[in-house]
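So the chains spell out like this:
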Amino acid sequence: MTDIGLTEEQQREFTEKFNDIDKNRTGFVSPFELGVLMRALGHPLTDEDLRNITAENDRCVTLADFLTIMAKREQDISLQEKLKDGFLVFDRDRSGYINVGTREDRYRSEFYTQMTSLGPNPWDEKEFEEFMSEYLGIEPVASRGGQGNANEDGEVDYMEMIKLMLKAKQEFPDVC
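Predicted model, so just to flag it, every value in this text is computed and none were measured.

**Section: the overall build of the protein**
Turning to step 1, where the next piece is worked out: For the protein, the helix and strand inventory stands at eight helices and four strands.
Turning to step 2, where the next piece is worked out: The linear arrangement of helices and strands in the protein, starting from the amino end, is α-β-α-α-β-α-β-α-α-α-β-α.
Turning to step 3, where the next piece is worked out: Put simply, the protein shows about 11,100 Å² of open surface, and 50% of that area lies on carbon and sulfur atoms.

In structure tokens, the structure reads:
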């Protein structure tokens, strides 16, 4: 593993791909070329991602910048897989939803019970409610049956929750 969090093989692969795009061997790629490169590697960038990256790097991206971006993307994918595996424990029917209970009976859900009792630092009731309110307040997605939302029936699409958790990690890296 290198200092930036990539294996030597990943670093070699990403360096080769960067050099393939940098045909003039200038040592940097344009925002357009970065977008093409990221899509080719299975990491498409949103317009917002591209604006943020190029704003931080004076509109040109060096190989070092690119490797740092890829290390972060690879770490996010790894974290996403770990979170998904954790949520799968609660998704017994593999529907993509877990039951967190409604506001009135949240303390009866298995998810609540496990999150407030397991691990080295289990959450207290307030921490659990803050976590859930962030998700439910930001993204009131339709429930499994499409007959309301997670606030009403307690069913949460955990892949959407994972996306929000990763977004929070990006926005507040020292907190998450």
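Picking up after the structure, the text goes on.
**What to know about the nonpolar core**
Turning to step 1, where the next piece is worked out: With 18 residues, the main nonpolar core has Phe 87, Ile 98, Phe 111, Met 132, Val 156 and Met 161 as its most contacted residues.
Turning to step 2, where the next piece is worked out: Elements supplying a minimum of two residues to this core: helix 4 (63-88), helix 5 (110-115), helix 6 (125-138) and helix 8 (158-171).
Turning to step 3, where the next piece is worked out: Apart from residues no more than four positions distant in its own chain, Met 161 is found in contact with Phe 87, Phe 131, Met 132, Tyr 135 and Val 156.
Turning to step 4, where the next piece is worked out: Formed by 16 residues, the second largest nonpolar core is a distinct cluster that contains Phe 18, Leu 67, Ile 69 and Met 70.

**Let's talk about the side chain of His 43**
Turning to step 1, where the next piece is worked out: In this structure, His 43 sits in the loop between helix 2 (31-40) and helix 3 (47-56).
Turning to step 2, where the next piece is worked out: A distance of 3.2 Å separates a polar atom in the side chain of His 43 from a polar atom in the side chain of Glu 74.
Turning to step 3, where the next piece is worked out: Excluding its chain neighbours within four sequence positions, the residues that come into contact with His 43 are Met 38, Met 70, Arg 73, Glu 74 and Ile 77.

**Quick notes on the environment of Asp 20**
Turning to step 1, where the next piece is worked out: Counting through the fold element by element, Asp 20 comes out in helix 1 (residues 8-21).
Turning to step 2, where the next piece is worked out: Residue Asp 20 is classed as partly exposed on the basis of its relative accessible area of 46%.
Turning to step 3, where the next piece is worked out: Residues Asp 20 and Leu 37, spaced 17 residues apart in sequence, show a C-alpha to C-alpha distance of 9.2 Å.

**A word on the packing of aromatic side chains**
Turning to step 1, where the next piece is worked out: As enumerated under the stated definition, the model contains nine aromatic pairs in all.
Turning to step 2, where the next piece is worked out: Between Phe 18 and Phe 66, the ring centres sit 5.7 Å apart and the planes meet at 35°, which makes this aromatic pair tilted. With Phe 18 in helix 1 and Phe 66 in helix 4, the pair connects residues that are 48 residues apart, well separated along the chain. Here Phe 18 matches Phe 66 in class, with each residue buried.
Turning to step 3, where the next piece is worked out: Put simply, the rings of Phe 87, Phe 90, Phe 111, Tyr 112, Trp 123, Phe 128, Phe 131 and Tyr 158 pair up and form one aromatic cluster.

**Quick look at unusual backbone geometry**
Turning to step 1, where the next piece is worked out: In the Ramachandran plot, Arg 25 falls in the positive-phi region, its phi being about 55° despite a non-glycine side chain.
Turning to step 2, where the next piece is worked out: Summarising the element assignment, Arg 25 is placed in the loop between helix 1 and strand 1 (28-29).
Turning to step 3, where the next piece is worked out: For Arg 25, a relative accessible area of 56% translates into the label exposed.
Turning to step 4, where the next piece is worked out: With a phi close to 55°, Arg 94 is a non-glycine residue in the positive phi region.
Turning to step 5, where the next piece is worked out: In this structure, Arg 94 sits in the loop between helix 4 and strand 3 (97-99).
Turning to step 6, where the next piece is worked out: Take Arg 94: its relative accessible area is 55%, and that puts it in the exposed class.

**A look at a negative patch on the surface**
Turning to step 1, where the next piece is worked out: Negative charge collects at one region of the surface, where Glu 9, Glu 13, Glu 16 and Asp 20 lie side by side.
Turning to step 2, where the next piece is worked out: On the secondary structure map, Glu 9 appears in helix 1.

**What to know about the pattern of salt bridges**
Turning to step 1, where the next piece is worked out: Here the structure, examined in full by the defined rule, presents five salt bridges.
Turning to step 2, where the next piece is worked out: Measuring nitrogen to oxygen at the nearest pair gives 2.9 Å for the salt bridge that ties Asp 76 to Lys 72. Of the two residues, Asp 76 and Lys 72 are both situated in helix 4; the distance of four residues between them amounts to about one turn of the helix.
Turning to step 3, where the next piece is worked out: Residue Lys 72 is classed as partly exposed on the basis of its relative accessible area of 34%.
Turning to step 4, where the next piece is worked out: Notably, a salt bridge pairs Glu 130 with Lys 126, separated by 3.4 Å at the nearest N-O pair. Of the two residues, Glu 130 and Lys 126 are both situated in helix 6; the distance of four residues between them amounts to about one turn of the helix.
Turning to step 5, where the next piece is worked out: Using a relative accessible area of 39% as the deciding quantity, one classes Glu 130 as partly exposed.

What counts as what
Residues numbered from 1 in each chain as written. Predicted model: local features only at pLDDT ≥ 70, side-chain atom pairs only at ≥ 80, totals over all residues. Heavy atoms only, no water. Helix = DSSP H or I, 4+ residues; strand = E, 2+ residues; numbered from the N terminus. Areas by Shrake-Rupley, 256 points an atom, 1.4 Å probe, with all protein chains shown as cover. Core = buried A, V, L, I, M, F, W, Y, C linked by side-chain atoms within 4.5 Å. Buried < 20%, exposed > 50% of the residue type's maximum accessible area, 1.4 Å probe, protein only. Contact = heavy atoms within 4.5 Å. Polar contact = N/O pair within 3.5 Å; in protein donor to acceptor, adjacent residues only side chain to side chain. Phe/Tyr/Trp six-rings, centres within 6.5 Å; stacked < 30°, edge-to-face > 60°. Patch = residues over 30% accessible without salt bridge, like charges linked within 9 Å, V, L, I, M, F, W, Y side chains within 5 Å. Salt bridge = Lys/Arg side-chain N within 4 Å of Asp/Glu carboxyl O. Lys, Arg positive; Asp, Glu negative; His and termini not counted. Charge placed at Lys NZ, Arg CZ, Asp CG, Glu CD.

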